[in-house]
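Here are the chains, one letter per residue:
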Amino acid sequence: MRDIPGAWKRAARGAGLLSDDGAPIPTIFAEMSALAADTGAINLGQGFPDEDGPEEILQVARRAIADGVNQYPPGRGILDLRQAIADHQHRFYGISLDPERDVLVTAGATEALAAALLAFTDGPDDEVVVFEPYYDAYAATVALAGARLVPVPLRAPDFQPDLDELRSAVSDRTRVILVNDPHNPTGAVFSRDVLDEVVSLAHRHDALIVTDEVYEHLAFDTPHTPIATLPGAWERTLTISSGGKTFSTTGWKIGWATGPADLVDAVLAVKQFLTYVNGAPFQPAIATGLRLPDAFFHGTADTLKAKRDVLGTGLHAAGFEVFEPAGTYFTVVDAAPLGATDAAAFCRSLPERAGVVAIPLTAFVTSGHRSAYATLVRFAACKRTEVLEEAAARLAALSA
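Residues numbered from 1 in each chain as written. Predicted model: local features only at pLDDT ≥ 70, side-chain atom pairs only at ≥ 80, totals over all residues. Heavy atoms only, no water.

Draft legend 1. Main features of the packing of aromatic side chains. This model, assessed by the stated rule, comprises 16 aromatic pairs. Positioned above the aromatic ring of Phe-48, the side-chain terminus of Lys-383 is 3.8 Å from the ring centre. (Phe/Tyr/Trp six-rings, centres within 6.5 Å; stacked < 30°, edge-to-face > 60°. Lys NZ or Arg CZ within 6 Å of the ring centre and 35° of its normal.)

And the structure:
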């Protein structure tokens with residue numbers, strides 16, 4: 001490949017997507033999705049639903065397009081959506097926000113995360129602490145910002161961090177502690193002790209907290225607790241979420257960042273040179289979604305919990321060791337009882353063996369730590385129940 005200069009190499013290298021000869025490597029998601037298409041396998045790898053969201057939300061988007069809401073919205077997002085986000089944060093968590101200053105609409109949560117890390121770090125002396133395994137965009141964006149990723153391992157069966165290891169990871173070089181709760185890819189919901197320790201360490205080392213809370217309404221057993229609500233956290237916390245997971249509209253890419261005005265302004269300063277604005281007709285639709293009654297949000301979690309159980313039952317029957325998730329779309333299993341020694345090789349063989357696609361957990365960890373997750377695999381439960389039942393029936397062949 002031609003030696004093209006630029007930051008793309010940092011991003012690709014950070015995500016483990018650069019070969020020894022400098023060529024980009026396709027993501028595991030692209031590879032597994034292609035395998036699903038080639039083999040007719042059920043794709044439980046990538047986390048996107050196979051059903052549309054609530055009809056009243058879809059109708060608002062259609063009407064907005066028909067009514068001409070097709071040009072640039074305001075840079076911070078349309079006011080009605082910012083007000084709906086502020087109302088949502090107060091309704092569910094008691095957080096009071098000024099929609100004019102404390103709320104920013106972004107191109108999904110991923111842009112908010114990228115803009116935040118670019119805004120809050122400034123070169124190789126700055127560190128970003130993350131819980132590992134992590135959403136793959138974290139490592140790429142930290143590398144793109146030129147900062148250093150410092151992982152704190154999460155271990156089966158509960159995937160809670162060891163607090164001493166967390167304390168060792170955070171230092172005066174830490175600019176950001178990045179928390180994803182509920183957690184992708186493990187499905188963990190962090191304990192109050194973990195969240196309190198994050199806040200304490202941020203104060204001790206003068207770090208900022210960036211929280212990725214896109215699965216906030218998909219915590220199954222206990223209500224979600226935003227870090228921003230904990231004592232001493234608000235003034236140094238940027239909270240990120242989106243409508244994609246809650247409303248099954250992942251393709252709309254409507255996300256947001258909320259927090260103290262000075263943090264939001266810093267993110268806006270970067271964001272305006274990334275996408276500038278996005279999704280004009282989808283913004284009023286997501287505003288409508290955020291105003292749906294409580295029954296919708298409780299029902300969303302209950303529905304996905306039931307799907308988790310359908311998938312988990314099938315995975316148990318197939319012979320996997322299953323780590324039951326407390327939230328999110330995802331279930332992690334250990335494939336070692338089925339003879340696996342390499343999760344990536346196991347996942348590449350699974351479409352032919354069982355007609356199902358999954359993702360190796362090694363895709364979500366730094367290269368030096370992959371041995372600790374060598375046989376762990378992630379499945380997504382965000383599909384129609386009949387699809388999950390068919391996947392479970394196919395996986396049963398593994399135990400034969």
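Draft legend 2. Main features of the sheet that holds strand E5 (residues 174–180). The mixed open sheet is built from seven strands, whose spatial order is E2-E8-E7-E6-E5-E3-E4. Of all the strands in the sheet, the pair left with one neighbour each is strand E2 (103–107) and strand E4 (148–153). On average, each strand axis in the sheet is inclined to that of its neighbour by 25°, with strand direction left out of account. Inspection of the sheet shows strand E3 (residues 127–132) paired to E5 by four bridges, in the parallel sense. If you follow Val-130 over to E5, its bridge partner there is Leu-178. Here helix H6 (residues 137–144) sits on the sheet in contact with E3, E4, E5 and strand E6 (208–212), set at roughly 150° to E4. (Pairing = 2+ DSSP bridges. Helix = DSSP H or I, 4+ residues; strand = E, 2+ residues; numbered from the N terminus. Axes fitted to C-alpha atoms, helices over the stretch in contact; angles between N-to-C directions. Contact = heavy atoms within 4.5 Å.)

Draft legend 3. A look at the UniProt feature "domain: Aminotransferase class I/classII large" (unreviewed entry) in the protein. Within this numbering scheme, the UniProt entry marks residues 41–395 as carrying the feature "domain: Aminotransferase class I/classII large" (unreviewed entry). Each end of residues 41–395 is marked by a C-alpha atom, and these two atoms are 11 Å apart; helix forms 40% of the span and strand 17%. (UniProt positions renumbered as here; feature names shortened; annotations may be inferred.)

Draft legend 4. Up close: the side chain of Thr-121. Mapping Thr-121 onto the fold places it in the loop between helix H5 (108–120) and E3. In terms of polar contacts, Thr-121 uses its side chain to reach the backbone carbonyl oxygen of Leu-117, at 2.6 Å. Ignoring any residue separated from it by four or fewer positions in sequence, one finds Thr-121 in contact with Asp-126, Val-128, Ala-145, Ala-147, Arg-175 and Val-176. (Polar contact = N/O pair within 3.5 Å; in protein donor to acceptor, adjacent residues only side chain to side chain.)

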